[in-house]
Amino acid sequence: MWRINLWEGTELVVAEFHKKIKDAFEVFDHEANNTVDVREIRTIIRSLGCCPSEGELHDLIVEIEEEEPTGYIRFEKFLPVMTKVLLEKRYRPIPEDILLRSFEVLDPSKRGFLTKEELIKYMTEEGEPFSQEEMEEMLSAAIDPESNSIRYKDYIAMMVVDDG
Amino acid sequence: VQSPISIYYHLTFHAEFASFKAAALIQRWYRRYMARLETRRCCTWRIFQSIEYAGQQDHVKLHDFFSYLVDHFTPNSNHESEYDDYESIEVPDNYTGPRLSFPLLPNHATALVEAFRLKQQLHARYVLNLLHETRKHLVQLPNINRVSTCYSEEITVCGDLHGQLDDLIFIFHKNGLPSPERAYVFNGDFVDRGKESVEILMILFAFMLVYPKEFRLNRGNHEDHMVNLRYGLTKEVMHKYKTHGKKILKILQDVFCWLHLATLVDEKVLILHGGVSDMPDLELLAKLDRHKVLTTEVVSCEREGRAGSCPGAGSAPWAPPPGLPRGHRASRSSSIPCSCGPPWGPGAGRCRQQAGPPRAGRRGFRKETISWSFQVVDILWSDPMAQEGCKANTVRGGGCYFGPSVTEQLLQKYNLQFLIRSHERKPEGYEFCHRRKVLTIFSASNYYEVGSNRGAYVKLGPALTPYIVQYQANKETHRLTMRQRISRVEESALRSLWEKLFASSLDLLGEFKKHDADKTGLITLSAWAEAVESVLHLGLPWRMLKPQLVNSSTDNTLEYKSWLEDLAKEQLSRENIQSSLLETLYRNRPNLEAIFRITDSDHSGFISLDEFRQTWKLFSSHMNIDITDDCICDLARSIDLNRDGHIDINEFLEAFRIVEQSSTEGDTSDCPQATNTDNSGCSKPSKR
């Protein structure tokens, strides 16, 4: 008896995931022909609650793309791969305290802030570097123009609330 | 107690490359945050689009009703000479606005731009004079306008402006004023929605008179008095010109009909407002009597074969000759097989072949009459699509969707290089499609809301390579971060969506109940999404929007009754008419105004109580709304009526603005209203 219930449960979960993935895909399917531009696929994956690194994304996209990349991703290929990702709960989001800890690592003297230059240096030279556009966008929201620094605790608090 | 993940990270930090890992983590988190923002932006865009298109379809559905109104309330046209009589209009001495004298000189036109920038208003006498001269000028011009880059070195093509004067001023500022060396083509839709349509028209017509060879205007689907009734120009004119507005509207109707249908640059680039069909016939287009197409609204609905009570074929602005059976095309063209099911069924992908060229020799049937006006409809209403083929444009209710091969066909047939069109808003202000053979250019920035989209214009030199310039005319947007921009626009979209949901409360309750067989009062969020879509038909990704529409839902279920109650609390004011009626009226709010303006045929601002009741009864029966006579009387009474049996239109509409205002009054946000919400300085009526 319990085995049958388990099976039903999984089916329901999968069905739910399918609908979720379809909705997210449709937001970017501008021509309503079940394809999206490959550049938008990163956004779609992230909008489904995943938080992969650039490297992980790259590997995932290789799975989803056609053998001969066309610049488009088809829904039929995307759905099974993404469903597996959601079922396996891959690429979980980063908890707030870990995020705070990361900023603190970059601020070893515990001042409570990073200067604009420091932020730029870390974000564009370390990890998986930001593009110029990404850097500018982050600076516009994060940097307090008077002190020319980012008070990261406040910044995180602001972003997390906004994220819903 | 630390979680295993926490501990792992903790340990890792103390290993080598700690800052590398920290940076990578922050970047990962940030990219996800930006992705969520981008998704919200797209969803917001979709909300606006689908509500707008749904609104357009509404209008299409009401077509029969509008036709009836037009027939019964349109004034007879024996007062033709009225609008020619502008010379007797006196301009008072204390008038400080711009003055025009004819023939116009370049500095007059430039002075107009400056005057309007300073928010001055042009006196009705000059408006009428200008329109009169414009008409005289347009009458001599051909349907298809030809421009050459030999004379002007560069040609700038602008798309829809929709009454947004700021964008026009910005374009002239950034690109330069029109001159013999700087040619302009404005590709239709100058008016409606925005609040300064009149000023835009004055500027455009003035430059056209001053530089007839270099300054050209194509007609758009909004250069049409039927469309103007609903989308704002009529209201704007009557508001700004209380005494002479009627005259202005009448001559404007005529002027619109005389606008060019298309412009050809160096015989290589075709510029028109909407698009093309799979039966393009430029020779026919060049020869037809363009001024006979008073409105493409009626024609387009005619073609879809709406079997309705479209009465008095002769008296409607355009109609096929009497004796022509309704929907004839559907049944008689049966020699062409159609694979998409019933030809005129609702929502069916109508096969274009069904609406093919009519057979000759039908009794009382003029072949040319039908064909050519469809050419005009196609040009003004069509949209490109990615799929191959050509099918009826069901979203717009007129024109078609044309695929890449249709474009290819057109270009080859007439030896053209590419097509420039407008008609559709694009987030970046422009978009190429059909392998870069079709360019959509849209010049009204911040169209839905501050920060919603950019505008663009395109320049062509002798090599005819398109060079695109983008902009956002509102200085404010530059100072906002992306996050703030998106929040603002999103709030606006969500407000519209809340309104729509509220207006369908009863239907929604019904649908929710269907999903709650056990009467627990709860439904799953999945069921919620399905129910909402089946009622609203907006085609929105409801699961993506769920966080904004449904408050924290524990364990994936929703108490639907309290959700609906919350909706109502947001929308209803204290003193209101019974909720079902209010919902219905609210749902049809965009239409009410148009209906009233048609009913008020002499533009006096008053309609009689009888006309009001008649109109309302007819409206309810067309919309299958069950409203008793008593309800209508109650409604009339609750609005302040002068005892002389007339209803002041403005008071009626104010009643709805009040409801809207009081529900947003408690709103602590300072978001500006969307540009298509009416708030032309409305003041509350004194007796309340």
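How each quantity is defined
- Residues numbered from 1 in each chain as written.
- Chains lettered and ligands numbered in written order.
- Predicted model: local features only at pLDDT ≥ 70, side-chain atom pairs only at ≥ 80, totals over all residues.
- Heavy atoms only, no water.
- Helix = DSSP H or I, 4+ residues; strand = E, 2+ residues; numbered from the N terminus.
- Buried < 20%, exposed > 50% of the residue type's maximum accessible area, 1.4 Å probe, protein only.
- Contact = heavy atoms within 4.5 Å.
- Salt bridge = Lys/Arg side-chain N within 4 Å of Asp/Glu carboxyl O.
- Polar contact = N/O pair within 3.5 Å; in protein donor to acceptor, adjacent residues only side chain to side chain.
- Nonpolar A, V, L, I, M, F, W, Y, C, P; charged D, E, K, R; others polar.
- Core = buried A, V, L, I, M, F, W, Y, C linked by side-chain atoms within 4.5 Å.
- Arc of directions from axis to C-beta.
- pLDDT = per-residue confidence, 0-100.
- Pairing = 2+ DSSP bridges.
- Right-handed = clockwise from strand over helix to strand, strands pointing away.
- Axes fitted to C-alpha atoms, helices over the stretch in contact; angles between N-to-C directions.
- Left-handed = near helix turned anticlockwise from the far one by under 90°.
- Phe/Tyr/Trp six-rings, centres within 6.5 Å; stacked < 30°, edge-to-face > 60°.
- Lys NZ or Arg CZ within 6 Å of the ring centre and 35° of its normal.

A separate point is the overall build of chain A. On a plain count of helices and strands, chain A comes out with eight helices and four strands. Ordered by position from the N terminus, the helices and strands of chain A form the series α-β-α-α-β-α-α-β-α-α-β-α. Counting over 164 residues, chain A shows a buried share of 41%. Contacts spanning at least 24 positions in sequence make up 58% of the contacts within chain A whose residues lie at least 6 apart.

We now examine the interface of chain A and chain B. Across the boundary between the two partners, chain A contributes 48 residues, which contact 41 residues of chain B. There are four salt bridges connecting chain A and chain B. Two residues, B:R31 and A:E134, come together in a salt bridge whose shortest N-O distance is 3.0 Å. Across the contact surface, chain A and chain B share 14 residue pairs in polar contact (both at pLDDT 80 or more). Those elements that provide at least two residues to the side of chain A that touches chain B are α1 (2-28), α2 (38-47), α5 (96-106), α6 (116-125), α7 (132-142) and α8 (152-162) of chain A. Taken together, the residues that form the side of chain A that touches chain B break down as 23 nonpolar, eight polar and 17 charged.

Quick look at the nonpolar core now. What tends to happen in soluble globular proteins is that the nonpolar side chains get buried as a cluster. In this structure, A:I41, A:F78, B:F512, B:W528, B:W542 and B:W563 are the most contacted members of the largest nonpolar core, which totals 65 residues. Per element, the largest residue contribution to this core is eight residues, and it comes from helix α19 (residues 525-536) of chain B. If you look at the next biggest cluster of nonpolar residues, it comprises 60 residues, including B:L141, B:L161, B:I169 and B:F205.

As enumerated under the stated definition, the model contains 31 salt bridges over all chains in all. The partner of A:R111 in a salt bridge is A:D107, with the nearest N and O atoms 3.1 Å apart. A residue is classified by how much of its surface remains accessible, and A:R111, at 31% relative accessible area, is partly exposed. We note a salt bridge from B:K459 to B:E154, for which the minimum N-O separation is 3.2 Å. With B:K459 in strand β13 (residues 455-460) and B:E154 in strand β2 (residues 154-158), the pair connects residues that are 305 residues apart, well separated along the chain. Through salt bridges that share partners, A:R42, A:R46, A:E54, A:E134 and B:R31 make up one connected network.

The next point concerns α6(A). Owing to its 3.6 residues per turn, the α-helix brings residues three or four apart onto one side. Residue and element names in this part refer to chain A. Among the residues making up α6, those that are buried are L119, Y122 and M123. Buried positions in α6, seen along its axis, are confined to an arc of 90° and lie on one side of it. Of the exposed residues in α6, the ones pointing more than 90 degrees away from its buried face are E117 and E125.

Turning next to the confidence of the model for chain B. Residue and element names in this part refer to chain B. Confidence in the prediction for chain B averages 72 pLDDT; 65% of positions are at 70 or higher. Taken as a whole, residues 573-580 scores under 50 in pLDDT and shows nine contacts with residues more than four places along the chain or in a different chain. The low-confidence segment residues 656-688, where pLDDT is below 50, has 56 contacts with residues more than four positions distant or belonging to other chains.

Residue and element names in this part refer to chain B. In space, the three strands of this open sheet follow the order β7-β9-β8, with mixed pairing throughout. If you trace the sheet from one side to the other, it starts and ends with β7 (383-384) and β8 (390-392), each paired once. Here β7 pairs with strand β9 (residues 400-402) via two bridges, running parallel. When the sheet's bridge partners are listed, D383 is paired in β9 with Y401.

In this section: the environment of B:L264. Residues and elements named next belong to chain B. Within the fold, L264 resides in strand β5 (residues 262-265). A relative accessible area of 6% means that L264 is categorised as buried. With 119 residues separating them along the chain, L264 and N145 place their C-alpha atoms 6.0 Å apart. Every residue in contact with L264, bar those within four places of it in the chain, is listed here: I144, N145, R146, V147, V269, L270 and L416.

Residues and elements named next belong to chain B. Here I144 lies in strand β1 (residues 144-147). For the pair I144 and N218, spaced 74 residues apart in the sequence, the C-alpha separation amounts to 9.1 Å. In this structure I144 touches A262, L264, L282, L285 and A286, once residues within four positions along its chain are discounted.

This part is about the pairing of strand β3 (residues 182-186) of chain B. Residues and elements named next belong to chain B. In terms of burial, β3 is largely enclosed, as four of its five residues are buried. In this structure, β2 lies alongside β3, joined through five bridges in parallel fashion. Each residue of the ladder has a partner; that of I155, found in β3, is A183. The handedness of the β2 to β3 crossover, carried by helix α6 (residues 165-175), is right-handed. Relative to strand β4 (residues 215-217), β3 runs parallel, the two sharing three bridges. Each residue of the ladder has a partner; that of V185, found in β4, is R216. Taken together, β3, helix α7 (residues 197-210) and β4 constitute a β-α-β crossover, and its handedness is right-handed.

What follows is about the sheet that holds strand β11 (residues 430-433) of chain B. Residues and elements named next belong to chain B. If you trace the six strands from one edge of the open sheet to the other, you get β1-β5-β6-β10-β12-β11, paired in mixed fashion. Among the strands making up the open sheet, the edge pair consists of β1 and β11. This sheet shows a mean twist of 20° between the axes of neighbouring strands, independent of strand direction. Judged from the three bridges that link them, strand β6 (residues 269-271) and strand β10 (residues 418-421) form a sheet pairing that is parallel. The residue of β10 that forms the bridge with V269 is F418.

Residue and element names in this part refer to chain B. Where helix α9 (residues 233-240) meets helix α10 (residues 245-257), the closest approach of the two axes is 9 Å, and the angle between their N-to-C directions is 145°. The way α9 lies across α10 gives a crossing that is right-handed. Residues L233, T234, V237 and M238 of α9 touch α10, and the partners they reach there are G245, K246, I248, L249, L252 and F256. Residues belonging to the contact of α9 with α10 are distributed by class as follows: seven nonpolar, two polar and one charged.

Applying the stated criterion across every chain yields a total of 22 aromatic pairs over all chains. Look at B:F512 and B:W563: their rings are 6.0 Å apart centre to centre, the planes differ by 65°, and that puts the pair in the edge-to-face class. On the criterion of sequence distance, the pair formed by B:F512 in helix α18 (residues 505-514) and B:W563 in helix α21 (residues 560-571) is long-range, its members being 51 residues apart. Aromatic side chains B:W528 and B:W563 sit 5.8 Å apart centroid to centroid with 90° between the ring planes, which places their arrangement in the edge-to-face category. Here the residue B:W528 occupies a position in helix α19, and B:W563 occupies one in helix α21, the gap between them amounting to 35 residues. One exposure class covers both B:W528 and B:W563, and it is buried. Members of the aromatic cluster, each reached through a chain of ring pairs, are A:F130, A:Y155, B:W29, B:Y30 and B:Y33. The lysine or arginine in question, A:R111, covers the ring of A:F113, its NZ or CZ lying 4.8 Å from the ring centre.

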